[in-house]
Amino acid sequence: MRAVGVFVTAPIPGRVNPRLAAAVGPSTAAEVYWRVGGRVVEAVAGPGYRTVVYFAPPGEGAFVREWLNGVGRVEFRPLSGRAPVTERLRTAFGHLFAEGGRRVVLVGTACPGMDRRLVAEAFTALGERDMVLGPTAQGGLYLIGLRVPRLDVFAGLPWRGGAAAAQARARGAALGLSIHRLRPLRAVGTFQDARVLGLLKS
């Protein structure tokens with residue numbers, strides 16, 4: 001079974017896009033996340049594989065379902081946004097592998113360029129490779145795929161500061177995992193990112 005997990009945060013002002021919010025205000029930053037996050041979920045949810053939306057905070061399930069109503073056939077599961085990134089990966093991968101997943105892909109919602117073609121490429125690569133990494137232009141990761149639950153590759157990675165992609169690739173290679181790298185995508189982090197991606201009015 002192929003499965004996709006999508007990490008989302010309820011688009012509440014003050015809860016999302018903190019660096020963008022510092023420049024344009026929390027309401028505008030939340031509006032940007034509302035549009036980008038919804039676009040990503042709709043783009044990756046598709047026939048032929050299971051799609052699970054992992055949302056935070058856990059108490060905002062009704063709001064998240066209303067926000068994502070109509071994006072496609074997806075399941076919803078709460079996930080603590082306060083947990084470290086590695087723990088969130090461990091939880092989601094653990095769920096999906098334990099429930100029959102054989103090629104499992106997790107994606108974030110910071111890159112508006114994320115689409116179903118990249119998911120398809122990841123699944124195809126996992127037919128021959130152990131791990132797939134989708135790096136952001138800023139050095140982070142927008143997608144992680146595994147065909148075996150080797151979560152030790154992500155323990156202790158520097159998720160802030162733009163070194164996660166390079167270090168995940170180096171650690172995977174050191175552990176003997178075969179790796180496929182997707183094309184980089186620009187993530188929405190700062191005011192400049194949002195302007196370049198056409199997400200803010202002039």
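Bear in mind the structure is a predicted one, so any value in this text is a computation, not a measurement.

(A) Structural detail: the overall build of the chain. Summing up its helical and strand segments, the chain has 7 helices and 7 strands in all. Helices and strands appear in the chain in the N-to-C order β-α-α-β-α-β-α-β-α-β-β-α-β-α. The C-alpha radius of gyration of the chain comes to 16 Å, within 12% of the 17 Å expected for a compact globule of 202 residues. Structurally, the chain occupies a C-alpha span of about 45 × 30 × 30 Å along its principal axes. Counting the 202 residues in the chain, one finds 49% classified as buried. For the chain, restricting intrachain contacts to residue pairs at least 6 apart in sequence, the fraction spanning at least 24 positions comes to 67%. Working note: accessible area of the chain is about 9500 Å², and carbon and sulfur atoms make up 51% of it. Averaging the locations of the 27 positively and 13 negatively charged side chains of the chain gives two centres separated by 3 Å.

(B) Fine view of the pairing of strand β1 (residues 2-9). The buried fraction of β1 is high, at 6 of 8 residues. Across 5 bridges, the pairing between β1 and strand β4 (residues 103-107) is parallel. Its bridge partner being in β4, Arg 2 is matched across the sheet by Arg 103. By the bridge criterion, 7 bridges tie β1 to strand β2 (residues 50-56) in an arrangement that is parallel. By the bridge assignment for β2, Gly 5 is matched with Val 52.

(C) Broad picture of helix α6 (residues 164-174). Along α6, the residues that are buried comprise Ala 164, Ala 165, Ala 168 and Gly 172. Relative to the axis of α6, the buried residues are bounded by an arc of 95 degrees and lie together on one face. Opposite the packed face of α6, turned more than 90 degrees from it, sit the exposed residues Ala 166, Ala 173 and Ala 174. Of the surrounding secondary structure, the elements contacted by the buried residues of α6 are β5 (131-135), β6 (141-146) and β7 (179-181).

(D) Structural detail: the nonpolar core. Membership of the largest hydrophobic core comes to 44 residues, with the highest contact counts inside it found for Val 4, Val 8, Val 41, Val 105, Met 114, Tyr 142 and Leu 143. Looking at which element gives the most residues to this core, the answer is helix α2 (residues 26-44), with 8 residues. Not counting residues up to four positions away in its chain, the partners in contact with Val 4 are Val 44, Tyr 49, Arg 50, Thr 51, Val 52, Leu 96, Val 105, Val 107, Val 119 and Phe 123. The next biggest cluster of nonpolar side chains, apart from the first, holds 25 residues, and it includes Tyr 54, Ala 92, Met 131 and Ala 168.

(E) Fine view of helix α5 (residues 116-125). Within the span of α5, buried status applies to Leu 118, Val 119, Ala 122, Phe 123 and Ala 125. Taken end-on, α5 shows its buried residues confined to a sector of 165 degrees, consistent with a single buried face. In α5, the exposed positions angled more than 90 degrees off the buried face are occupied by Arg 117 and Thr 124. Turning to α5, the residues buried within the fold contact β1, α2, β4, β5, β6 and β7.

(F) Inspection of the side chain of Asn 17 at higher detail. Among the secondary structure elements, Asn 17 is positioned in the loop between β1 and α1 (18-24). Residue classification places Asn 17 among the buried positions, given a relative accessible area of 13%. What Asn 17 contacts, discounting residues up to four positions off in sequence, is Ala 29, Val 32, Tyr 33 and Val 188.

(G) Representation of the sheet that holds β5. Judged by pairing direction, the sheet is mixed, and its 7 strands sit side by side in the order β3-β2-β1-β4-β6-β5-β7 without closing on themselves. A single partner strand is all that each edge strand has here, and the edge strands are β3 (75-78) and β7. Direction aside, neighbouring strands of the sheet carry axes that sit 20 degrees apart on average. Where α2 meets the sheet, its contacts fall on β1 and β2, and the angle it forms with β1 comes to roughly 175 degrees.

(H) Main features of the pairing of β4. Counting buried positions along β4 gives 4 out of 5 residues, so the element sits mostly inside the fold. As paired elements, β4 and β6 share 4 bridges and run antiparallel to each other. The partner of Leu 106 across the bridge, within β6, is Ile 144.

The rules we used
Residues numbered from 1 in each chain as written. Predicted model: local features only at pLDDT ≥ 70, side-chain atom pairs only at ≥ 80, totals over all residues. Heavy atoms only, no water. Helix = DSSP H or I, 4+ residues; strand = E, 2+ residues; numbered from the N terminus. Rg over C-alpha atoms; globule rule 2.2 N^0.38 Å. Buried < 20%, exposed > 50% of the residue type's maximum accessible area, 1.4 Å probe, protein only. Contact = heavy atoms within 4.5 Å. Areas by Shrake-Rupley, 256 points an atom, 1.4 Å probe, with all protein chains shown as cover. Lys, Arg positive; Asp, Glu negative; His and termini not counted. Charge placed at Lys NZ, Arg CZ, Asp CG, Glu CD. Pairing = 2+ DSSP bridges. Arc of directions from axis to C-beta. Core = buried A, V, L, I, M, F, W, Y, C linked by side-chain atoms within 4.5 Å. Axes fitted to C-alpha atoms, helices over the stretch in contact; angles between N-to-C directions.

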